[in-house]
Structures are given as structure tokens and as C-alpha cells.
Amino acid sequence: MAVLLGAIADDFTGATDLANTLVNQGMRAVQVIGVPDAGTDVGDAQAVVVALKSRTAPVAQAVEQSLAALRWLRGQGARQIVQKYCSTFDSRATGNIGPVADALAEALGADFAIVCPAFPANGRTVYQGHLFVGADLLSDSPMKDHPLTPMRDASLIRLLQAQTPHKVGLIPWQVVRQGAGAIRARVDALRAEGVRYGVADALDEDDLRRIGRAAADHALVTGGSGVAMGLPDNFRSKGLLGATGSPAMPRVAGRAVVLAGSCSAATRAQIAAAPAGWPRRRIDVNLIAEDRDVAGDLADWAAAQPTDRPVLIHASAAPDEVAETQAKYGVDRAGAMVEGVMGALAVRLRDAGFARMVVAGGETSGAVVSALGVRAMRIGPEIAPGVPWTESLGRPPLALALKSGNFGGRDFLAKAFEVLG
Ligand SMILES: Nc1ncnc2c1ncn2[C@@H]1O[C@H](COP(=O)(O)OP(=O)(O)OP(=O)(O)O)[C@@H](O)[C@H]1O
Ligand SMILES: O=C(O)[C@@H](O)C(=O)CO
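None of the values given here were measured: they were computed from a predicted structure.

(A) Representation of the site of ligand 1 within the structure. The immediate surroundings of ligand 1 are formed by 27 residues, with Ser262, Gly335, Gly361, Gly362 and Gly405 found nearest. Considering each element in turn, the shell around ligand 1 owes the most residues, 4 residues, to helix H13 (residues 331–351). Among the residues forming the shell around ligand 1, the class breakdown is 9 nonpolar, 15 polar and 3 charged. Split by domain, the shell around ligand 1 shows at least three residues from each of two domains, domain 1 (5–237) and domain 2 (255–420).

In C-alpha cells:
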């Protein structure tokens, strides 16, 4: 059976988040890691999300990988493409969101695409083109201190306009709330003015469904996972998609570990709230810089802990400490050092019998999943909005929960293993 919906995500947790939305809306979804080989089999998947690690990659590389993903997805029969970026629009001023959208639109022959990072279940809303995180503008939220992509402006129009030569316009909430017909009319008006990208306001899931309906015939839709909420119904109403089923839980035996590289306020709160009985260790970036075998030492330590509970290993630190580390080693080198240890550690832990892993942070998840050699994951049940359990396809199967840095409530870590049973 051919794939209906194809998606290209700029990080691994973002891909999982989107696949989770599609599963919740009744599609069978698989997440593949990187652009698959021509012979890769995605079984009976109706939606495939290609997870790239392109959010902070050089622009040319992000564009090239995204186009390769597009070619593969079209080869699988995908009728519509979603460009998935972060619900907090994470990008640098020389950012990749605009250039990737431009390249995809051109390859698809699309002269217009919706832009909507809203994810109301996680507090991200868009109003008059401004992105809010909870009650704060994006630029006042903890995202202003992100280690790799600090977000210091909340205007999506300004942010995107700095990344594309094409015109960016607004589909205001006053239009969105009137429904798909009004949105289509606004899109036509923007197109007539030569606008390529329409930032769509969305305050709740009803707005997202209206936007999804209006985008039924768009070759390219861009946004956070929320923008895909209404898309499966478009296939359903054409008779291409059946009723919803429930996703299967991964049944993977083995020890449990949390690897946290995210320094987000949410992840730090989750680490602080993790059950007191869980053994925990913090990664010291200075030791990595001294070329010590940090991964080996931590793996030995983890293996020696009681086997009946998860172990928690984190690099996560408060913004002032992260800033100090970055001043010492450089932003990219500090990130790369931590990611290198996380990847090597995950491999050692897997080899020591750890098979249930929660990984916090998109870049961190990218490092871990790549090091583990995981090529594809079947999406299972949701732990929290945007974070499902997944089961890696291939041997040995692993239960993996890739958590976007900012997602999940304070009790997320305990809850994750409760859900797994
Ligand atoms: N103590 C630290 N000092 C400097 N950098 C760190 C430290 N701990 C983690 N990092 C780096 O910070 C980056 C965090 O990015 P990551 O994408 O993993 O988390 P996030 O941005 O919070 O999550 P998401 O992308 O899902 O929102 C990684 O590159 C990680 O290696
Ligand atoms: O959209 C989000 O917030 C997440 O899926 C993500 O991309 C974080 O890396």
C-alpha cells in the first residue's frame, strides 16, 4: 500500500512528535532515521516521517538532505508533504526553516505554503503572527536561553522573512475561526499579492483542524506537529483512510535508563522531580574536554546500580552554567562533546542490557539514535502530548521515548515507565 502523507522533520524528537499526532488521528505511522535506502521497507505505513538532524546544520546541508528525503517520500507515493520544524520555531538567524521551505516548495511546484508552529496542548499558540509559549511571547519564554537556537523575537513573519526572499503574509485568527472556506479565500488573496508563505494564527485544536481542512490540496504544509492534526481527515473524506485503531505498546524486556541532554526548563524540572530512589549521575563537560572515558565510566556505574529501577544520567544544567561551559569551549563544541558521550553511552548501555530508554532533547536524541544504529521506529502509545513510546525496527528491538526538551509535565519520567508497564 502506498504512503499517503510524507513528512520531513528537522530533528528526531520533532519527527516523533509529528508521527504521534498522525497516529492519534488514525494513521499507521513509521519514523525513519535519515533518508532511507531505496530498498527500505516501511510495511503498511500510511504516513512516514523522515527524521533529519538538520535544525542547526549548515543551510546547504539541510536543504540537500530535505530534498533527498522528499525524493524518497515521493517515490513511496506520498501525496502531501509536511515540513516539520519546532513548535518554538527553533532556528538561527541564518536559519534553515526558510531555505528548506523554499527548496521543497520549488521541487513540489507549490507557490504557497501554510506556516503554523502552534501546538496548543503544549502551550504554543500563534496570534497575529506572534508565537506564544504559555502566557509569554516566545522571546520572553525560556527559549531565549536555548543553548543552540536562542529565540529572541516572537514575530513569525519577521523570523521567516529573514530566512527567505519570498513574501511572508498573515492568515489572522479572525479569518481562521471562520473556517476552511475563509482560510482558502485568504490564501487566494495572499497568492494574488505574490505572497509565498502564510503564517496562520491558531489558538486551539479547532483552529488547527480548520487550517488542516483548508490545506487539503496543498502540496506542502509547514509547521509544528499541530498543523498536521486536520490532514488525516482529508484522506479519510476521500475514502483513502479507514477508522482509527490503537497503537501497539512496545514489548521490550530489559533495563531502563533516562539520558537527558536537554537543558530546557521543563527537562530540568523533570530531572528534579524524578523519583528519589533512582540512581542518578551528572555528566561533567570538563572531564570530556580532558579526554577522560566519561561514557565508559558512566556505563560501568550504571551497570552496577540496582536493576529494578531506571538510572538517570544527565548533562542538563541551568542557563548560567551552560553559558559558562559554552564560553569555555564554544557553543557547538560543548554541544558536540555532550552529544558524543550520550551516543557512546547509549551503545554501551544497550550492550549491557538496557533496552528501555527515555532520551530528552532533540539533538541528544539524534546523537543517541544515530549511535545505536536505529533506522526506523514504529510509533506506539502516547506518554504526554507530543511524546509516544516507540519500538525500534531491527535487532535488538528497543523501547525508545524521544522527548522534546520542553515537553511533558513534571512527573514525565516516572510516568513514562508506568505507561510502559
Ligand atoms: N551542560 C551543558 N553545557 C553545554 N551544552 C550542553 C550541556 N548539556 C547539554 N548540552 C547541549 O545542549 C544541547 C541541547 O539540545 P537538545 O536538542 O538535546 O535539547 P533541547 O533543545 O532542549 O530539546 P528540543 O530540541 O527537543 O527542544 C545539546 O547539543 C547538548 O549536547
Ligand atoms: O515541535 C516541537 O516543539 C518539538 O516536536 C520539537 O521539534 C522539539 O525539538
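(B) How the structure looks around the sheet that holds strand S6 (residues 124–127). Strand order in the open sheet formed by 3 strands is S6-S7-S8, with antiparallel pairing between adjacent strands. Edge positions in the sheet fall to S6 and strand S8 (136–137), since each of these pairs with one other strand and no more. Two elements, strand S7 (residues 130–133) and S8, share 2 bridges in a ladder whose sense is antiparallel. Considered in S8, the bridge of Phe132 is made with Leu137.

(C) Up close: the domain arrangement of the protein. Split by domain assignment, the protein resolves into domain 1 (5–237) and domain 2 (255–420). Computed over C-alpha atoms, the centres of domain 1 and domain 2 are 26 Å apart. With 25 residues of domain 1 in contact, the opposing surface of domain 2 contributes 31 residues. Elements supplying a minimum of two residues to the side of domain 1 that touches domain 2: helix H1 (12–24) and strand S2 (29–33).

(D) Region of interest: the nonpolar core. The biggest cluster of nonpolar side chains holds 134 residues, and the ones touching the most others in it are Val49, Val50, Ile211 and Leu259. By residue number, the principal contributor to this core is H13, which donates 8 residues. Formed jointly, this core draws a minimum of three residues from each of two domains, domain 1 (5–237) and domain 2 (255–420). Contacts of Ile211, omitting those with residues within four sequence positions, involve Ile114, Cys116, Val176, Ile183, Ala200, Ala202, Val227 and Gly230.

(E) Main features of helix H6 (residues 180–192). With 13 residues, H6 should cover 18 Å at 1.5 Å per step; its first-to-last C-alpha distance of 18 Å lies within 8% of that length. Taken together, the buried positions of H6 are occupied by Ile183, Arg186 and Val187. In a view along the axis of H6, the buried residues occupy a sector of 105°, so they form one face of it. Opposite the buried face of H6, by more than 90 degrees, sit the exposed residues Gly181, Asp188 and Ala192. Each element contacted by the buried residues of H6 is listed here: strand S9 (167–171), helix H5 (173–176), strand S10 (195–200) and helix H7 (205–214). With its phi angle positive at about 80°, Gly194 sits one or two positions after the end of H6.

(F) The arrangement of the site of ligand 2 in detail. Around ligand 2, a shell composed of 13 residues is seen, among which Gly14, Asp17, Ser87, Gly362 and Ser404 lie nearest. When residues of the shell around ligand 2 are assigned to their parent elements, the largest contribution, 3 residues, is made by H1. Tallied by class, the residues present in the shell around ligand 2 amount to 2 nonpolar, 9 polar and 2 charged. There are two domains that each give the shell around ligand 2 at least three residues, and those are domain 1 (5–237) and domain 2 (255–420).

(G) Structural detail: the UniProt feature "domain: Four-carbon acid sugar kinase N-terminal" (unreviewed entry) in the protein. Per the UniProt record, "domain: Four-carbon acid sugar kinase N-terminal" (unreviewed entry) is annotated on residues 5–231. What you have in residues 5–231 is 33% helix and 22% strand, and the ends, taken at the C-alpha atoms, are 9 Å apart.

(H) Representation of the UniProt feature "domain: Four-carbon acid sugar kinase nucleotide binding" (unreviewed entry) in the protein in the model. UniProt annotation of "domain: Four-carbon acid sugar kinase nucleotide binding" (unreviewed entry) refers to residues 257–413 when read in the numbering used here. Split by type, residues 257–413 is 43% helix and 25% strand. Its first and last C-alpha atoms lie 10 Å apart.

Conventions and cut-offs
- The residue count restarts for each chain, going from 1 along the sequence in the order it is written.
- Both sets of labels track the order of writing: A upward for chains, 1 upward for ligands.
- Totals for whole chains, interfaces and linings use all residues, but because this is a predicted model, local features are given only for residues with pLDDT of at least 70 and pairs of side-chain atoms are given and counted only at 80 or more.
- A residue counts as near a molecule or strand when its C-beta atom, positioned from the backbone, falls within 6 Å of it.
- Working definition: helices are DSSP H or I runs of at least four residues, strands are E runs of at least two. Numbering for both runs from the N terminus.
- Here the nonpolar group is Ala, Val, Leu, Ile, Met, Phe, Trp, Tyr, Cys and Pro; Asp, Glu, Lys and Arg are the charged ones; every other residue, Gly included, is treated as polar.
- Domain start and end points were adopted from an automatic or database domain assignment.
- A pair of strands is labelled paired if DSSP reports no fewer than 2 bridges between them.
- What counts as a contact is two residues whose backbone-derived C-beta atoms lie within 7 Å of each other.
- We call a set of buried Ala, Val, Leu, Ile, Met, Phe, Trp, Tyr and Cys residues a nonpolar core when their C-beta atoms link them within 7 Å.
- Working definition of burial: number of other C-beta atoms within 10 Å of the residue's own, with buried at 20 or more, exposed at 12 or fewer, and partly exposed in between, all C-beta atoms being placed from the backbone.
- Multiplying 1.5 Å by the residue count of a helix minus one yields the expected span of that helix.
- Throughout, the arc means that of the directions going from the helix axis to the C-beta atoms.
- UniProt positions are given in the numbering used here, feature names are shortened, and annotations may be inferred rather than shown by experiment.

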